[in-house]
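Spelled out from the first residue to the last, the chains are:
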Amino acid sequence: MTQKKLHPSVLQFKEFVKNNPKIIKEVRSGKATWQELYEDWYLLGEEDKRWESVGAEKESESKTEHESKSDWVSSFMGMVKKMDPNQMQSHINNLSQALGAIQGVISQFQGGNVNSVSGPVKPQEGPKHPFVFRKD
């Protein structure tokens, strides 16, 4: 295969990305595309403050993610405390009956009965020869 020679600015951008691996993470996380980053790099240059903020956003996001996880756990525990055990038991019974009905329908389509235990099922015997030849 023949390789195309890249434009010198593209080679410089690739070198810039190698020196700043946080940019790769930003693209992989879906926050930016290579085209957008290349255009920003081409217009703003390597010394712009935008490139310093790429890593800073990750750190602040990880803190807020941790806080949101702990908030989720506390809200879940609050919901558990508010639950009525009798109402939950009735919901579980309804779910169990619905699953039993679904199992019954599936067993009807399979040709078996849920309550009966049958022995091994014999495969249907087909013709002994795969091609049936007819005489005229």
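Residues numbered from 1 in each chain as written. Predicted model: local features only at pLDDT ≥ 70, side-chain atom pairs only at ≥ 80, totals over all residues. Heavy atoms only, no water.

Looking at an unreviewed UniProt entry, one finds the chain named Putative coat protein YlbD-like and attributed to Neobacillus bataviensis.

We now examine the overall build of the chain. Each helix and strand in the chain was counted, giving five helices and zero strands. Across the chain, every contact between residues at least 6 apart in sequence was considered, and the portion connecting residues at least 24 apart equals 45%. Counting every atom, the chain has about 12,900 Å² of accessible surface; 56% of that belongs to carbon and sulfur. (Helix = DSSP H or I, 4+ residues; strand = E, 2+ residues; numbered from the N terminus. Contact = heavy atoms within 4.5 Å. Areas by Shrake-Rupley, 256 points an atom, 1.4 Å probe, with all protein chains shown as cover.)

With eleven residues, the main nonpolar core is built from F13, F16, V17, I23, V27, A32, L37, Y38, W41, W51 and V54. Elements with a contribution of two residues or more to this core: α1 (8-19), α2 (21-28), α3 (34-44) and α4 (50-82). Excluding residues that lie within four positions of it along the chain, Y38 makes contacts with S9, V10 and F13. (Core = buried A, V, L, I, M, F, W, Y, C linked by side-chain atoms within 4.5 Å. Buried < 20%, exposed > 50% of the residue type's maximum accessible area, 1.4 Å probe, protein only.)

For the rest of this paragraph, the subject is α3. Residues of α3 that are buried include every one of L37, Y38 and W41, and no others. Down the axis, α3 shows its buried residues gathered within 100° of arc, on one side only. Remark: G45 follows α3 within two positions and exhibits a positive phi of approximately 95°. (Arc of directions from axis to C-beta.)

Here α1 contains twelve residues, and its C-alpha end-to-end distance of 17 Å stays within 8% of the 16 Å for a straight helix at 1.5 Å per residue. All of the buried residues in α1 are S9, F13, F16 and V17. One face of α1 carries all of its buried residues, which in axial projection span an arc of 100°. Opposite its buried face, α1 presents the exposed residues P8, K18 and N19, each directed more than 90 degrees away. (Expected span 1.5 Å × (residues − 1).)

To continue, consider a nonpolar patch on the surface. On the surface, W72, V73, F76, M77, M79, V80, M83 and M88 cluster together into a nonpolar patch covering about 770 Å² of accessible area. Structurally, the position occupied by W72 is in helix α4. (Patch = residues over 30% accessible without salt bridge, like charges linked within 9 Å, V, L, I, M, F, W, Y side chains within 5 Å. Salt bridge = Lys/Arg side-chain N within 4 Å of Asp/Glu carboxyl O.)

The description of an aromatic ring pair uses the distance of the two centres, along with the angle that the planes make with each other. Tallied over the full model, the rule gives six aromatic pairs. Seen from their ring centres, F16 and W41 are 6.4 Å apart, and the 35° between their planes marks the pair as tilted. Taken together, the positions of F16 in helix α1 and W41 in helix α3 put the pair 25 residues apart, joining distant regions of the chain. The exposure classification of F16 matches that of W41, with both residues buried. (Phe/Tyr/Trp six-rings, centres within 6.5 Å; stacked < 30°, edge-to-face > 60°.)

A few words now on the side chain of S9. Within the fold, S9 resides in helix α1. On the accessibility criterion, S9 (9% relative accessible area) is buried. Of the polar contacts made by the side chain of S9, one reaches the side chain of Y38; its length is 2.7 Å. Residues contacting S9, with those up to four places away along its chain left out, are Y38, W41 and Y42. (Polar contact = N/O pair within 3.5 Å; in protein donor to acceptor, adjacent residues only side chain to side chain.)

At a closest axis distance of 11 Å, the pairing of α1 and α3 adopts a crossing angle of 105°. Judged on the interaxial angle alone, α3 and α1 are roughly perpendicular. Here S9, V10, Q12, F13, F16 and V17 of α1 lie close against α3, whose contacting residues are W34, L37, Y38, W41 and Y42. Residues belonging to the contact of α1 with α3 are distributed by class as follows: nine nonpolar, two polar and no charged. (Axes fitted to C-alpha atoms, helices over the stretch in contact; angles between N-to-C directions. Parallel < 35°, antiparallel > 145°, perpendicular 65-115°, else oblique. Nonpolar A, V, L, I, M, F, W, Y, C, P; charged D, E, K, R; others polar.)

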